Amino acid sequence: MGSEMSFLPDLGIFTMGMWSIGLGALGAAVTGIVIANTDLFLSKPEKATLEFLEGIELKSLGSEQRIFKAGELWKKNGAVIMAVRRPGCFLCREEASELSSLKPQLLKLGVPLYAVVKEKIGTEVEDFQPYFKGEIFLDEKKGFYGPRRRKMMISGFFRYGVWQNFFRAWKSGYSGNLEGEGFTLGGVYVIGAGRQGVLLEHREKEFGDKVNLPSVLEAAEKIKPQAS
């Protein structure tokens, strides 16, 4: 009987210890989720200068591949350029489709619409093309994702805004796949003709953080085409 009684306090200590561990793990999980949803801890983008962007090396993806400097894209008429995080991502396809809806207005302004991808895997670019109504180039050195490349890792899946974006795109009927690297954040640029400079720079804050379409048009309307 005495030995049974002496066991009870030990059992109580063990139970209290397990509760403490459980509460500690729960607290750590809650803290992690709170931190993941706090923009304070997101890596801040570095503004891209015209000098940096125009020197980026791009590669065409057509039958006749060529390597050229990005500045050629906006030299005469400016350009709207999407840096695609991952062509197979349904959030990227959603943004590409919405940007492409501006194509008629951009055509009237004489401003071309382009996209860059950081890798070419299988038919991913071809499968992305139905969503994007412009020419696509390969940016192997990830210049348009810099100057300071930013990544959102697994913590992104704990962000409330990301899940809102997932649901929005899914509800709109977009689908995708998991091919390729999708952690390096992308963005959208509106660049003026000649030396006019960067008129709009939207850097993706989290997965599915889309550019504001009226802001794109407003910036495109400021472009002053260069005389031939």
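Our structure is the block above this text.
These numbers were taken from a predicted model, which means no experiment stands behind them.

Rules used in this analysis
Residues numbered from 1 in each chain as written. Predicted model: local features only at pLDDT ≥ 70, side-chain atom pairs only at ≥ 80, totals over all residues. Heavy atoms only, no water. Phe/Tyr/Trp six-rings, centres within 6.5 Å; stacked < 30°, edge-to-face > 60°. Lys NZ or Arg CZ within 6 Å of the ring centre and 35° of its normal. Patch = residues over 30% accessible without salt bridge, like charges linked within 9 Å, V, L, I, M, F, W, Y side chains within 5 Å. Areas by Shrake-Rupley, 256 points an atom, 1.4 Å probe, with all protein chains shown as cover. Salt bridge = Lys/Arg side-chain N within 4 Å of Asp/Glu carboxyl O. Helix = DSSP H or I, 4+ residues; strand = E, 2+ residues; numbered from the N terminus. Axes fitted to C-alpha atoms, helices over the stretch in contact; angles between N-to-C directions. Left-handed = near helix turned anticlockwise from the far one by under 90°. Contact = heavy atoms within 4.5 Å. Nonpolar A, V, L, I, M, F, W, Y, C, P; charged D, E, K, R; others polar. Disulfide = S-S within 2.5 Å. Expected span 1.5 Å × (residues − 1). Buried < 20%, exposed > 50% of the residue type's maximum accessible area, 1.4 Å probe, protein only. Arc of directions from axis to C-beta.

Peer 1: It is not clear to me how the packing of aromatic side chains should be interpreted in this structure. Could you clarify?
Peer 2: The geometry of an aromatic ring pair is captured by the separation of the ring centres together with the interplanar angle, meaning the angle of the planes. Going through the model one piece at a time under the given rule, you end up with 8 aromatic pairs. In textbook terms, an aromatic cluster arises when at least three aromatic residues are bridged by ring pairs, as seen for Phe-68, Tyr-114 and Phe-137. A cation over an aromatic ring shows up here: Arg-66 above the ring of Phe-68, its NZ or CZ 4.2 Å from the ring centre.

Peer 1: Could you clarify how one ought to interpret a nonpolar patch on the surface in this entry?
Peer 2: Residues Met-153, Ile-154 and Phe-158 make up a contiguous nonpolar surface patch of roughly 310 Å² in combined accessible area. Structurally, Met-153 can be placed in the loop between strand S5 (135–138) and helix H6 (160–171).

Peer 1: Teacher, can you tell me more about the pattern of salt bridges here?
Peer 2: Between side chains of opposite charge, a pair can form as their charged atoms come close. Under the definition given, this model contains 13 salt bridges. Note that Arg-148 is salt-bridged to Glu-46, the shortest N-O span being 3.9 Å. Placement of Arg-148 in the loop between S5 and H6 and of Glu-46 in the loop between helix H1 (2–36) and helix H2 (50–54) is noted, with a sequence separation of 102 residues between them. The salt bridge partner of Glu-181 is Lys-118, with a shortest N-O separation of 3.4 Å. With Glu-181 in the loop between H6 and strand S6 (187–191) and Lys-118 in the loop between strand S4 (113–117) and helix H5 (124–128), this residue pair connects regions lying 63 residues apart in the sequence. Through salt bridges with shared partners, a single network forms among Glu-94, Glu-98, Arg-168 and Lys-210.

Peer 1: What's the story with the packing of helix H3 (residues 90–100) against H6 in this structure? I'm lost.
Peer 2: Closest axis-to-axis distance for the H3/H6 pair is 9 Å, and the angle between their directions is 65 degrees. Pair H3 / H6 crosses with left-handed handedness. Together, Phe-90, Leu-91 and Glu-94 of H3 and Asn-165, Phe-166, Arg-168, Ala-169 and Trp-170 of H6 make up the contact between the two elements. Grouping the amino acids of the contact of H3 with H6 by side-chain chemistry returns 5 nonpolar, 1 polar and 2 charged.

Peer 1: How should unusual backbone geometry be read in this particular structure?
Peer 2: Excluding glycine, residues mostly have negative phi values, and the peptide bonds linking residues are mostly trans. Cis geometry marks the peptide bond from Gly-146 to Pro-147; its omega dihedral reads 5 degrees. When you line up the elements, Pro-147 lands in the loop between S5 and H6.

Peer 1: Any chance you could explain the state of the cysteines here in plain terms?
Peer 2: Linking two cysteines covalently via their sulfur atoms produces the bond known as a disulfide. Applying the stated criterion across every chain yields a total of 0 disulfides. Free cysteine: Cys-89, not disulfide-bonded; nearest cysteine sulfur from Cys-92 at 3.8 Å.

Peer 1: Explain H6 here, please?
Peer 2: Each turn of an α-helix holds 3.6 residues, which means side chains three or four residues apart point in the same direction. In this model H6 runs 16 Å from its N-terminal to its C-terminal C-alpha over 12 residues, within 8% of the 16 Å that 1.5 Å per residue would give. Those residues of H6 that fall on the buried side of the exposure criterion are Gly-161, Val-162, Asn-165, Phe-166 and Ala-169. Looking straight down H6, one finds that the buried residues subtend no more than 145 degrees of arc, so they occupy a single side. Away from its buried face by more than 90 degrees, H6 exposes Tyr-160, Trp-170 and Lys-171. In the segment just after H6, Gly-173 is the residue with positive phi, at about 95 degrees.

Shape descriptors only; they carry no functional weight alone.
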